[in-house]
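Coordinate inspection notes
What follows is each chain in one-letter form.
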Amino acid sequence: MAGLQELRFPEEKPLLRGQDAAELENSDTFLLAVDTDWKEHDIETPYGLLHVVIRGSPKGNRPAILTYHDVGLNHKLCFNTFFNFEDMQEITKHFVVCHVDAPGQQVGASQFPQGYQFPSMEQLAAMLPSVVQHFGFKYVIGIGVGAGAYVLAKFALIFPDLVEGLVLMNIDPNGKGWIDWAATKLSGLTSTLPDTVLSHLFSQEELANNTELVQSYRQQIGNVVNQANLQLFWNMYNSRRDLDINRPGTVPNAKTLRCPVMLVVGDNAPAEDGVVECNSKLDPGTTTFLKMADSGGLPQVTQPGKLTEAFKYFLQGMGYMPSASMTRLARSRTASLTSASSVDGSRPQACTHSESSEGLGQVNHTMEVSC
């Protein structure tokens, strides 16, 4: 692909340093928290209670970092490895961090009563303004994975003034057709729920290699997440509608995400086609597409260092952390995202300098980076 830049990094520090296979089998592998300053809240929303974990307090005009996990996980299983990574601490000391658990997916959640109607994907998005209001955030920078990326994208479409930027990993903007729906139902009849969810989270190659990481997630999805509640979330995600977005200028009155967006996917991830499709529907002037080499379905777990570097660069492009040390990724790029705004000033305007690459008969200015 013309315009695609190949970036090389020194070998990353191994995942879960100092832990051997026996420790990986421990059900607390991804539930251990390095920091004890997290505070738990149950927030009332129009569609029920929402479990939220927060660290820090709003800092001036700076946005909060708000995360939303994928189906089959919760904030700990999805984000602990990433947010506990040592290089992330340079970022998190500047921002309040707010992790949102989808209804009934948090550790120790009670099972929903018989007949409970799980919120739709649109309703899950509509629950988030209650979180923003509860903590007094002016706006947020969202980080979502899979189903969580879909929820945050929907949130940004409905409440654009509350979202300053989005990092969307493994997003699939398309609803399931009848064939996909039937295949999912058949898979549910022949596989256990954890195994069905694993095929959503990991590539077939990762599953076939039967890695310690896959085995650990299989165990924890089955033991940590309430299975009845998970089934409801899984069913709702698979019944989602197409995300109503189109690249500006392609259709009359096209809807799109108005904030800067970084799309992330591993080069060996089951969501790759969906992320490419989403990239084709977003504004090329404000979108960065990051394909991570040697990374499967959970880049925030297997490649936290590379993702941290990309995220820091993304923040600097919006005018935050201008004095932060430049990352290897930033130094490797020929383009630069800069802004004169300081983190304590007024809300900055995103500055996105784009590179061009050849598309289907047109110039596509979306910045695509392979790392």
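The rules behind the values
Residues numbered from 1 in each chain as written. Predicted model: local features only at pLDDT ≥ 70, side-chain atom pairs only at ≥ 80, totals over all residues. Heavy atoms only, no water. UniProt positions renumbered as here; feature names shortened; annotations may be inferred. Axes fitted to C-alpha atoms, helices over the stretch in contact; angles between N-to-C directions. Helix = DSSP H or I, 4+ residues; strand = E, 2+ residues; numbered from the N terminus. Parallel < 35°, antiparallel > 145°, perpendicular 65-115°, else oblique. Left-handed = near helix turned anticlockwise from the far one by under 90°. Contact = heavy atoms within 4.5 Å. Nonpolar A, V, L, I, M, F, W, Y, C, P; charged D, E, K, R; others polar. Buried < 20%, exposed > 50% of the residue type's maximum accessible area, 1.4 Å probe, protein only. Pairing = 2+ DSSP bridges. pLDDT = per-residue confidence, 0-100. Phe/Tyr/Trp six-rings, centres within 6.5 Å; stacked < 30°, edge-to-face > 60°. Lys NZ or Arg CZ within 6 Å of the ring centre and 35° of its normal.

Named according to an unreviewed UniProt entry, the protein chain is Protein NDRG2 originating from Ursus maritimus. The UniProt entry for the protein chain carries the following comment under Function (unreviewed entry): "Contributes to the regulation of the Wnt signaling pathway. Down-regulates CTNNB1-mediated transcriptional activation of target genes. May be involved in neuron differentiation." Its UniProt record gives the protein chain a comment under Subcellular location (unreviewed entry), which states: "Cytoplasm, Cytosol".

Some thoughts on the packing of helix α8 (residues 193-201) against helix α11 (residues 227-238)
Where α8 contacts α11, the two axes come as close as 11 Å, and the packing angle between them is 40°. As the angle between them shows, α8 and α11 are arranged oblique. For the pair α8 and α11, the crossing hand works out as left-handed. Contacts from L193, P194, T196, V197 and H200 in α8 reach Q227, L230, Q231, W234 and Y237 in α11. Taken together, the residues of the contact of α8 with α11 break down into 6 nonpolar, 4 polar and no charged.

Quick word on the pairing of strand β4 (residues 64-68)
Successive side chains on a regular strand alternate, one facing one side of the sheet and the next facing the other. Most of β4 sits inside the fold, with 5 of its 5 residues counted as buried. Burial of the side chains of β4 extends over both faces: A64, L66 and Y68 are buried on one face and I65 and T67 on the other. Pairing geometry for β4 and strand β6 (residues 140-145), over 5 bridges, is parallel. Residue L66 lies in a different strand from β6, and its bridge partner there is G142.

Observations concerning the environment of A271
Its place among the elements puts A271 in the loop between β8 (261-266) and α12 (272-281). Excluding anything up to four places from it in sequence, A271 contacts N170, I171 and V265.

Description of the environment of T308
You can see T308 is positioned in helix α14 (residues 304-317). Expressed as a C-alpha distance, the spacing of T308 and D87, which sit 221 residues apart in the sequence, is 6.8 Å. Excluding residues within four positions of it along the chain, T308 makes contact with F82, F85, D87, M88 and I91.

Observations regarding the confidence of the model for the protein chain
For the protein chain, mean pLDDT is 80; residues scoring 70 or higher make up 73% of the total. Contacts of residues 1-35 to residues separated by more than four positions or lying in other chains number 77 contacts, the stretch itself having pLDDT below 50. The model gives residues 330-367 a pLDDT under 50, and that stretch makes 90 contacts with residues more than four places away or in other chains.

Here we look at the packing of aromatic side chains
According to the stated counting rule, one finds 10 aromatic pairs in the structure shown. Ring plane angle 20° and centroid distance 5.5 Å describe the contact between F135 and F137, whose orientation is recorded as stacked. Taken individually, F135 and F137 each receive the classification buried, so the pair is uniform in this respect. A centroid spacing of 5.7 Å and a plane angle of 50° characterise the contact between F155 and F159, whose relative ring orientation is tilted. Within the aromatic cluster, the residues linked to one another by ring pairs are F112, Y116, F118 and F233. Note that R240 overlies the ring of Y237, its terminal NZ or CZ placed 4.0 Å from the centroid.

Here we look at the packing of α8 against helix α10 (residues 212-223)
The contact between α8 and α10 brings their axes to 9 Å, and the two run at 130°. In terms of orientation, α8 and α10 fall into the oblique class. Note that α8 runs across α10; the crossing there is right-handed. Contact with α8, carried on its side by P194, D195, V197, L198 and L201, involves V214, Y217, R218, I221 and G222 of α10 and no other residues of that element.

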